[in-house]
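Residues per chain, in single letters:
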Amino acid sequence: MAAPIRVEWRHYDKAGATCDRCGDTGANLKQVLSDYAAQGVLFELQETLLDEDRINESNLVLINGIPLEELLAATSGVSDCPSCSCLTGSDTSCRTVQCGGSVYEELTPELLRKGIEAALRQRGVTAP
């Protein structure tokens, strides 16, 4: 049996609440992992809750320890996050991913699938 793909999702958490974009990323990630798991791909999902001191890491997905944007040959950036600002009580920016000429505030199912497929290729496995 192949070793599972390790996926870590880091996001800001305040008393059990996270911002809208991280919440959307989390929902997308869980759906994509479920879809692949139904096809026999094994995953270990770690959800890392961040405090305000580490908010710059919020909305980061690592696949086998590699940031999603690295697997996609993309870059990361930041943009204002009104939802985080409501949670923190001050103007706050969150991570974004720039890929293919577009800026993504939430990580879409398509981006997540491409990252997982890149991780599978690194193992010499074709995505189901």
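Bear in mind the structure is a predicted one, so any value in this text is a computation, not a measurement.

**Some points on helix α1 (residues 20-37)**
- Helix length check: α1, at 18 residues, gives a terminal C-alpha distance of 26 Å against a target of 26 Å (1.5 Å per residue), a fit within 8%.
- Of the residues making up α1, those classed as buried are Arg21, Cys22, Thr25, Gly26, Asn28, Leu29, Val32, Leu33 and Tyr36.
- Close packing links the buried residues of α1 with β1 (5-12), β2 (43-50), β3 (60-63), β5 (75-80), β6 (93-99) and α4 (109-122).

**Let's talk about the pairing of β1**
- The buried fraction of β1 amounts to seven of the eight residues, a majority that puts the element mostly inside the structure.
- One ladder, built from eight bridges, connects β1 with β2; its direction is parallel. By the bridge assignment, Glu8 is partnered in β2 with Gln46.
- Traced from β1 through α1 to β2, the parallel crossover comes out right-handed.
- With four bridges joining them, β1 and β3 adopt antiparallel strand pairing. The residue bridging Arg10 from the neighbouring strand is Leu60, located in β3.

**Details of the nonpolar core**
- In terms of nonpolar packing, the biggest core is built from 32 residues, with Phe43, Val61, Ile63, Leu68 and Ile116 touching the most fellow members.
- For this core, the secondary structure elements donating two or more residues are β1, α1, β3, α2 (68-71), α3 (82-88), β6 and α4.
- Looking at this core, the element that brings in the most residues is α4, giving six residues.
- Setting aside anything within four residues of it in sequence, one finds Ile63 in contact with Ile5, Arg6, Leu68, Leu71, Gly115, Ile116 and Ala119.

**Considerations on the environment of Pro67**
- Relative to the elements of secondary structure, Pro67 occurs in strand β4 (residues 66-67).
- Remark: the alpha-carbon pair of Pro67 and Glu8, spanning 59 residues in sequence, is separated by 9.3 Å.
- Residues within four places of Pro67 in sequence aside, it is in contact with Leu60, Val61 and Leu62.

**Focus: the sheet that holds β6**
- The antiparallel open sheet is built from three strands, whose spatial order is β5-β6-β7. The open sheet terminates on both sides in strands that have one partner only, identified here as β5 and β7 (102-104). Averaged over all pairs of adjacent strands, the angle between their axes in this sheet comes to 40°, without regard to strand direction.
- The pairing of β5 with β6 spans six bridges and is antiparallel. Paired with Asp80 across the strands is Ser93, a residue of β6.

Conventions used here
- Residues numbered from 1 in each chain as written.
- Predicted model: local features only at pLDDT ≥ 70, side-chain atom pairs only at ≥ 80, totals over all residues.
- Heavy atoms only, no water.
- Helix = DSSP H or I, 4+ residues; strand = E, 2+ residues; numbered from the N terminus.
- Expected span 1.5 Å × (residues − 1).
- Buried < 20%, exposed > 50% of the residue type's maximum accessible area, 1.4 Å probe, protein only.
- Contact = heavy atoms within 4.5 Å.
- Pairing = 2+ DSSP bridges.
- Right-handed = clockwise from strand over helix to strand, strands pointing away.
- Core = buried A, V, L, I, M, F, W, Y, C linked by side-chain atoms within 4.5 Å.
- Axes fitted to C-alpha atoms, helices over the stretch in contact; angles between N-to-C directions.

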